Each structure stands twice: as structure tokens, then as C-alpha cells.
Amino acid sequence: MEIIVTPYVDSDRPFVIEGNIDLQDTERDVSEFCLPGIQIGEIYLDHLLKLNAQNFGTILVARVEGRAVGFIGCRIENDESITTTDEANRYGYISDAWTDHPYRNRGVFKKLSKAVEDYFMQFPEIKIIKLNVLIGNESAVATYRNNGYKTQELVLAKRIRS
Ligand SMILES: CC(C)(COP(=O)(O)OP(=O)(O)OC[C@H]1O[C@@H](n2cnc3c(N)ncnc32)[C@H](O)[C@@H]1OP(=O)(O)O)[C@@H](O)C(=O)NCCC(=O)NCCS
């Protein structure tokens, strides 16, 4: 299967919205804090496009025989931590990754992940790529680990009022 990665174009909009909805519902299955996909699919894409425009970001779309099969969103993020290194404070950030169901476990994310690394090569100061994933999303965690990402931080939550 030949996978070609090219930047998002307007005609990808319905595909990426569908992906946002499915991705969100995957996360909702493992976290009580996630809203339903249908509620956020469209507005999230607009939000993402705006953030990308402000932060050297892009959405890259994987295609097989011209058909969109997956996407990845990335941008540059800046933290202002005074306790971590410059390279950890300004970094490449993967905001979203999604592969359409029939194409999972066929190397689509792997290809998108490499395309993101190539994309960040144009910014010499970017030496690190970070991403967030819900700990309960075990297949995503496994995929990221498989692609060289290592857990750096755990975010814990405790409900103190119902
Ligand atoms: C996570 C996701 C993007 C992975 O996409 P994918 O195209 O299926 O991933 P790939 O086929 O490129 O897999 C890359 C590697 O991870 C491995 N992998 C994939 N799923 C795995 C699993 N459940 N357990 C262990 N390894 C896994 C693959 O075997 C592959 O390794 P290899 O290159 O050594 O063969 C996809 O499963 C998805 O869209 N999930 C739902 C949305 C989501 O959760 N997104 C992430 C939100 S943070």
C-alpha cells in the first residue's frame, strides 16, 4: 500500500471533521472529562486551523490512491517554564492523530509521524516533539511508544466535588 502525505486542503474538511469526531469519542470512552465527538468535531477543526496559523502549524493528510485515510496536526508550542531547558520550552507539538479504521495498523501513523519530523526540520531551533495522550487510550500509547516517544510526565486528576 503506497501512502502519500500532503498538506490539508479545503476539500479534506469533511474527512478531518469525521476523524475529529471519532478521535474524540475514542477519548471519551476512556475519560469522563471528554465531550461527545459530535459536539466538537467541526468547531475543533476551526480552532485547530486558527492555532496552526498562529503557531507555524499544519495538518498533514495521508492518502492512498488519492483517498484520505489519516491525518496528523502539529504546531510549535512555547512554554514559559523557568525550570526546564530552552529546547523543552519551545518544541514541536502533535495535537491530533487519526487513522481511518480500515487503514489502522498498516503504517499510516508511522508515515505521518515521519512527515511531521520532516516538517519540523525547517525550524532549526526545534529539537523535540511532544504530544499528549490519555493513559487509557492504550493502542495510541502503544503506537507512540513504538514510534520512539517516551513518557515524560503523568497528569493526575482527583474529583473533590460531584
Ligand atoms: C493511534 C492511531 C493514530 C495509530 O495509527 P495507525 O495508522 O494504526 O498506526 P501505524 O499502523 O502506523 O502503527 C505504527 C506502529 O505502532 C504499532 N501499533 C499500532 N497499534 C498498536 C497496538 N494496539 N499495540 C501495539 N503496537 C501498535 C504498529 O504495529 C506499528 O509498529 P511497527 O511499525 O513496528 O509495525 C490509530 O490507532 C487511531 O486513529 N486511533 C484512534 C484515534 C486516537 O486515539 N488518536 C490518538 C489520540 S492522542
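Presented here is an overview of the structure given in this document. (Residues numbered from 1 in each chain as written. Predicted model: local features only at pLDDT ≥ 70, side-chain atom pairs only at ≥ 80, totals over all residues. Heavy atoms only, no water.)

## So, the environment of Ala-115
Working step 1: With respect to the helices, strands and loops of the structure, Ala-115 is situated in helix α4 (residues 108-120).
Working step 2: Taking relative accessible area as the criterion, Ala-115 reaches 16% and is therefore assigned buried.
Working step 3: Between the C-alpha atoms of Ala-115 and Ile-72, which are 43 residues apart in sequence, the distance is 9.2 Å.
Working step 4: With residues up to four places along the chain from it excluded, the contact list for Ala-115 reads Val-5 and Leu-60. (Helix = DSSP H or I, 4+ residues; strand = E, 2+ residues; numbered from the N terminus. Buried < 20%, exposed > 50% of the residue type's maximum accessible area, 1.4 Å probe, protein only. Contact = heavy atoms within 4.5 Å.)

## Re the site of the ligand
Working step 1: Near the ligand, the surroundings consist of 23 residues, among which Ala-97, Asn-105, Gly-107, Lys-110 and Asn-137 are the closest.
Working step 2: One of the backbone nitrogen or oxygen atoms of Phe-109 is found 2.9 Å away from an oxygen atom of the ligand.
Working step 3: Coverage of the ligand by the protein amounts to 77% of the 940 Å² it exposes when considered alone.
Working step 4: Of the residues in the shell around the ligand, the class split is nine nonpolar, 10 polar and four charged. (Near = heavy atom within 4 Å. Polar contact = N/O pair within 3.5 Å; in protein donor to acceptor, adjacent residues only side chain to side chain. Areas by Shrake-Rupley, 256 points an atom, 1.4 Å probe, with all protein chains shown as cover. Nonpolar A, V, L, I, M, F, W, Y, C, P; charged D, E, K, R; others polar.)

## Description of a nonpolar patch on the surface
Working step 1: On the surface, Ile-135, Leu-154 and Leu-156 cluster together into a nonpolar patch covering about 390 Å² of accessible area.
Working step 2: With respect to the helices and strands, the residue Leu-154 is situated in the segment after α5 (138-146). (Patch = residues over 30% accessible without salt bridge, like charges linked within 9 Å, V, L, I, M, F, W, Y side chains within 5 Å. Salt bridge = Lys/Arg side-chain N within 4 Å of Asp/Glu carboxyl O.)

## Remarks on the pattern of salt bridges
Working step 1: Counted under the stated rule, the structure contains eight salt bridges.
Working step 2: For Glu-42, the salt bridge is made with Arg-13, and the minimal N-O distance between the two is 3.4 Å. Placement of Glu-42 in helix α2 (residues 37-54) and of Arg-13 in helix α1 (residues 13-30) is noted, with a sequence separation of 29 residues between them.
Working step 3: For Lys-114, the salt bridge identified is with Asp-118, shortest N-O distance 2.9 Å. With a gap of four residues between them, Lys-114 and Asp-118 both fall in helix α4, about one helical turn apart.
Working step 4: What emerges from the salt-bridge pattern is a single network uniting Arg-13, Glu-42 and Asp-46.

Nothing here speaks to function; it is all geometry.
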